[in-house]
Amino acid sequence: MNDSNFEELLKSPYSNREPDDPDAIPWKPPVMAAIIGALLMATFIIYSIATAPDDLTATTTSSASGGVAVEATGFPRGYVAVSDDVAMRIDVMHADSNSTTLFVSSVTEAGVDADSSSAVDVASWTVRSNGSEPSLQYQHSSRTSLGRITIDLSPVSDPQNAVAIATLPGTIESVEDVLTLSPHTPRTVTNHRIAVGDSVVVVDELDIGNGYGSMRWHLEGGLAAKVDVLVVFDGVQFPLVLLTHYNNDPELSVGFRGIPPPWNPQGEATLLRDGEPLSDANVATGITVTFDASVVSRAGTEIEIPIREVIQD
Amino acid sequence: MNGRTISLTIIGFLIGVLAAAGIGVRVIDEVRATDDATSLPPENVSSTTLPVNQYFVAAGETLIASTAVVPKSVVMSGTGLAIEYDLVSLAPVEGLPPMVFSSFGNTQEIENSDLPVIFPKKWVLTTESQTFEGGPAHPDVRTVRFELPEGIATSDVVSIEIVDPLVVASLDTHFELSEESRVATIVDGVQARLLNISAQGDSTIVQIELVAEDPIDLAFGVEGVGAGWRSAFFEAEGRPRINLTWVGDDLPEIMVFRAHGNQWVEVVGLFPVSIASFE
């Protein structure tokens, strides 16, 4: 085959044009401009990288590695929001054949002052696994374990594949119930029933001593309840009341109340004295007992809370 | 140069600038990602919502449960390396006044943020070839010390990690004692022993002793459950013996007690600590 046959085909359609053809594209200036533009931008970028940390540390905080530390927003990894500014995670779940215990921590969103951020009251907890859904036995917290809740559940069938669910309160109903007693102590009130909407808080046992007492209650109907009791000794020369303590750190000062109790299907509290105990010089003429009972009568939002670690015995 | 040539030159310049900018942005991202990966432990932040080097209290912090461990200083003295740190709670505490503690007549007020809610008991320092253990002696201590061989400098440290820290959690549980069964386990590592039962006027005094493998585990009080029990008292400061008073008829054969307060719970895992900013 003659190469000259291909010459026609390989020729650019523009190659026949004369150099001063007014339709010819002047390629050199644009290419040169593109190269100059790229070089200028590259110089600018390299300069920016080389000088950025020094420039930024003047106005922000340098991180440990010298990178740019930016004030955090949002929650730490592994936490799920349960309100606008509080998130929760289950740090550890202990499971054995008798019980399941969840150790929960909560954190305030970065940038939000923890002092102006309220702890979130979860009405009920469960862990769903393999078709089972153990019921909440008790959730508790202490004044000195801030941000932490311990949750006791009945046993779960497949702990490794459990999904923890927190149920927030939906509808809450409250009543105040007053009981007047003669001044005789010690005394025990049993099976005192307090109607709250369609539910009943049953005070199984209220034990009132001279400067000390205890209370146990359970809920019939409804999801969870909170029960507070104030025992006032009437007619005394020196004031004396008994206050409800759901969790009593032994080192806490007398009269210093702990955090409010979490929602529960049952409860047990110690009543501690604030004031002078009864004596021959401090005689009561009567006792007024005031119960404040609140019930979650309808469940609210369900939120899945991540479990960081499961320990199975 | 005609008008078309000028237009094409401008377009060419812009193409060059934009192409270089595109490559440059990727380079910057790469540089920052490399910095981030070595600055803070990945435990700290959500990779889906936050760049990795962001923090909640201060740069270099480590988050354990709801408490941040924040290094304050690193001091190399002789063969000892000491890291001083703060514990800062991120727990929501609106409406809670400062704590008021009283111990045998002394009253002390403590801010909520100063409560020792975690105990980073064991730390591990790793160099290229060796590993060293250290740790604070008590939850109230905020300094960890490592004894290192001669010649090791802070620049030789490859990593520092907190191992299986303890966190404070609420405790509220029952246990039973009787004259036939005089020992009961309250939580792992803590037992209650029935020591003595004695009559005192119209009352009965029941004395029990708490026995713990580690004294820090005694972070709770004990009370009798049910009508008839009165307040309980620790026998003396530092002695884990509790006297409980029973008022009423015969003492129950099986006595039920309630332990409530706090317990330490182990959070298994390695929690890297960054001290690079002090080097």
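Not measured: the values here are computed from a predicted model.

Analysis parameters
Residues numbered from 1 in each chain as written. Chains lettered and ligands numbered in written order. Predicted model: local features only at pLDDT ≥ 70, side-chain atom pairs only at ≥ 80, totals over all residues. Heavy atoms only, no water. Buried < 20%, exposed > 50% of the residue type's maximum accessible area, 1.4 Å probe, protein only. Helix = DSSP H or I, 4+ residues; strand = E, 2+ residues; numbered from the N terminus. Pairing = 2+ DSSP bridges. Phe/Tyr/Trp six-rings, centres within 6.5 Å; stacked < 30°, edge-to-face > 60°. Lys NZ or Arg CZ within 6 Å of the ring centre and 35° of its normal. pLDDT = per-residue confidence, 0-100. Contact = heavy atoms within 4.5 Å.

## Some details on the pairing of strand β7 (residues 122–127) of chain B
Residue and element names in this part refer to chain B.
So, step 1. Judged by how many residues are buried, β7 sits mostly within the fold: five of six residues are covered.
So, step 2. Pairing of β7 with strand β10 (residues 157–163) involves six bridges; the strand directions are antiparallel. Within the sheet, the bridge partner assigned to T127 lies in β10 and is V157.
So, step 3. Sheet analysis places β7 next to strand β8 (residues 131–134), joined by four bridges and oriented antiparallel. Across the sheet, residue L125 finds its bridge partner in β8, namely F132.

## Thoughts on the packing of aromatic side chains
Between two aromatic rings, the relevant description is the distance of the centres plus the angle of the planes.
So, step 1. In this structure the tally under the stated criterion is five aromatic pairs over all chains.
So, step 2. Taken together, a centroid distance of 5.3 Å and an interplanar angle of 70° make the contact between W229 of chain B and W246 of chain B edge-to-face. On the criterion of sequence distance, the pair formed by W229 of chain B in strand β16 (residues 229–236) and W246 of chain B in strand β17 (residues 239–247) is long-range, its members being 17 residues apart. Considered together, W229 of chain B and W246 of chain B belong to a single accessibility category, that of buried residues.
So, step 3. Aromatic ring contacts, followed pair by pair, group F175, W229, W246 and F257 of chain B into a single cluster.
So, step 4. The ring centre of W263 of chain A lies 4.8 Å from the NZ or CZ of K226 of chain A, which sits over that ring.

## Observations concerning the confidence of the model for chain A
All names here are of chain A.
So, step 1. Counting all residues, the mean pLDDT for chain A is 83, and 79% of those residues have values of 70 or more.
So, step 2. Counting interchain partners and residues more than four positions distant, the pLDDT-below-50 stretch residues 1–19 has three contacts.
So, step 3. In this model residues 50–68 is a low-confidence stretch, pLDDT under 50, and it forms 25 contacts with partners more than four residues away in sequence or in other chains.

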